[in-house]
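Observations on the three-dimensional arrangement
This is what each chain is made of:
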Amino acid sequence: AQRVTQPEKLLSVFKGAPVELKCNYSYSGSPELFWYVQYSRQRLQLLLRHISRESIKGFTADLNKGETSFHLKKPFAQEEDSAMYYCALNGGATNKLIFGTGTLLAVQP
Amino acid sequence: EAGVAQSPRYKIIEKRQSVAFWCNPISGHATLYWYQQILGQGPKLLIQFQNNGVVDDSQLPKDRFSAERLKGVDSTLKIQPAKLEDSAVYLCASSKLNRARGATYEQYFGPGTRLTVT
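All values reported here derive from a predicted model rather than from experimental measurement. (Residues numbered from 1 in each chain as written. Chains lettered and ligands numbered in written order. Predicted model: local features only at pLDDT ≥ 70, side-chain atom pairs only at ≥ 80, totals over all residues. Heavy atoms only, no water.)

The next subject is the side chain of Glu-32 of chain A. Residue and element names in this part refer to chain A. Its place among the elements puts Glu-32 in the loop between β4 (24–26) and β5 (33–38). The exposure class assigned to Glu-32 is buried, which follows from its relative accessible area of 2%. Polar contacts involving the side chain of Glu-32 include one to the side chain of Asn-90, which spans 2.8 Å. (Helix = DSSP H or I, 4+ residues; strand = E, 2+ residues; numbered from the N terminus. Buried < 20%, exposed > 50% of the residue type's maximum accessible area, 1.4 Å probe, protein only. Polar contact = N/O pair within 3.5 Å; in protein donor to acceptor, adjacent residues only side chain to side chain.)

What follows concerns the sheet that holds strand β7 (residues 65–68) of chain B. Pairing between the strands of a sheet comes from backbone hydrogen bonds, and it takes one of two forms, parallel or antiparallel. Residues and elements named next belong to chain B. Overall, antiparallel pairing links the four strands, which are arranged β1-β3-β8-β7 in an open sheet. Across the chains shown, the open sheet's two edge strands, defined by having one partner strand only, are β1 (5–7) and β7. Here the strands of the sheet are splayed against their neighbours by 15° on average, with no regard to which way each runs. (Pairing = 2+ DSSP bridges. Axes fitted to C-alpha atoms, helices over the stretch in contact; angles between N-to-C directions.)

This paragraph deals with the side chain of Gln-6 of chain B. All names here are of chain B. Residue placement: Gln-6 occurs in strand β1. A distance of 3.0 Å separates a polar atom in the side chain of Gln-6 from the backbone oxygen of Tyr-90. At 2.9 Å, the side chain of Gln-6 and the backbone nitrogen of Gly-112 are in polar contact. Among all residues touching Gln-6, those that are not within four sequence positions of it are Trp-22, Cys-23, Trp-34, Tyr-90, Leu-91, Cys-92, Gly-110, Pro-111, Gly-112 and Thr-113. (Contact = heavy atoms within 4.5 Å.)

Turning to the sheet that holds strand β8 (residues 72–74) of chain A, a few remarks are in order. All names here are of chain A. Read across the open sheet, the three strands follow the order β3-β8-β7; overall the sheet is antiparallel. Two strands lie at the open edges of the sheet, namely β3 (19–21) and β7 (60–61), each paired on one side alone. The pairing of β7 with β8 spans two bridges and is classified as antiparallel. Residue Thr-60 lies in a different strand from β8, and its bridge partner there is Lys-73.

Residues and elements named next belong to chain A. This structure, assessed with the given rule, holds six salt bridges over all chains. Across the pair Glu-20 and Lys-73 runs a salt bridge, and its minimum N-O distance is 3.7 Å. Placement of the pair is Glu-20 in strand β3 and Lys-73 in strand β8, with a sequence separation of 53 residues. Given the relative accessible area of 28%, Glu-20 is considered partly exposed. One salt bridge in this structure joins Asp-81 and Lys-74, with 2.8 Å as the shortest N-O distance. In this pair, the class of Asp-81 matches that of Lys-74, namely buried. Connected through shared salt-bridge partners, Glu-20, Lys-22 and Lys-73 make up one network. (Salt bridge = Lys/Arg side-chain N within 4 Å of Asp/Glu carboxyl O.)

Residue and element names in this part refer to chain A. Considering the arrangement of structural elements, one finds Leu-48 in strand β6 (residues 45–49). Along the primary structure Leu-48 and Glu-79 are separated by 31 residues, whereas in three dimensions their C-alpha atoms are 19 Å apart. Not counting residues within four places of it along the chain, the set of residues in contact with Leu-48 comprises Phe-34, Trp-35, Glu-54, Ile-56, Phe-59, Thr-60, Ala-61, Phe-70 and Leu-72.

For the rest of this paragraph, the subject is the environment of Thr-60 of chain A. All names here are of chain A. Here Thr-60 lies in strand β7. C-alpha of Thr-60 to C-alpha of Ala-93: the two residues are 33 residues apart in sequence and 27 Å apart in space. If we skip the residues at most four places from it in the chain, Thr-60 touches Leu-48, Ser-55, His-71, Leu-72 and Lys-73.

Another aspect to go through is the pairing of β5 of chain A. Residue and element names in this part refer to chain A. By the criterion of burial, β5 is predominantly enclosed, with five of the six residues buried. Where β5 lies against strand β9 (residues 83–90), six bridges are found, and the strand directions are antiparallel. Note on β9: the bridge partner recorded for Val-37 is Tyr-85. Hairpin connection of β5 to β6: six residues between the antiparallel strands, including Arg-41 at a positive phi of 60°.

Let's shift gears to the nonpolar core. The nonpolar side chains of a soluble globular protein tend to be buried with one another. Trp-35, Leu-47, Leu-48, Phe-70, Leu-72 and Tyr-85 of chain A are the most contacted members of the largest nonpolar core, which has 26 residues in total. Of all the secondary structure elements, the ones that give two or more residues to this core are β2 (10–14), β3, β5, β6, β9 and β11 (103–108) of chain A. Tallying contributions element by element places β9 of chain A first for this core, with four residues. Sequence-distant contacts of Leu-47 of chain A, defined by excluding residues within four places in its chain, comprise Trp-35, Tyr-36, Val-37, Ile-56, Phe-59, Leu-72 and Tyr-85 of chain A. One finds Cys-23, Trp-34, Ile-47 and Ile-79 of chain B within the second-largest nonpolar core, a separate group that totals 21 residues. (Core = buried A, V, L, I, M, F, W, Y, C linked by side-chain atoms within 4.5 Å.)

Rendered as structure tokens:
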């Protein structure tokens, strides 16, 4: 079955600390993975996708097929990074997204 | 460019009543999605349109939910009759026409409609 798992509902860190938001997936085939972010009172928006292999707002995510993971990382957290983060998987032929349950990142000053 | 528009933003109804949500996608976006997001969960796809045809409605509770996208632009999602478990945020998203897997276009989300069924 196609599934995305985000084990942490809440991750609280201090400003300047490293951040790692975990995401594991289940998919038979070559996966296409994304991270979406929702800042307070804003819309859900794309943060990054694995095929781009780029850093957005200091965040990176590497697809590890052996561990079926796509963890989101940032070396130094900023207060403006506080938001809800969703990992999502392209579900197949229709390109629908399958979302995880999300992780709330709270960066303390 | 203008983003995805949705209305209403909030709706409170009693169970067994009906409700309708409206979505206007970004101009030129061929693909339109309706997601249901229950509190504490991620968005779940209900139905996906490509132009005015349905691509995926496998998770749409068809006994009570219906959706249409006339003329391949605006879309409406209806619930009739509503149940308590339908309380959720209903998100509309749109994207350009995806032609190949592995090169999917970004989905742009609307602000959502928060439905409370009492």
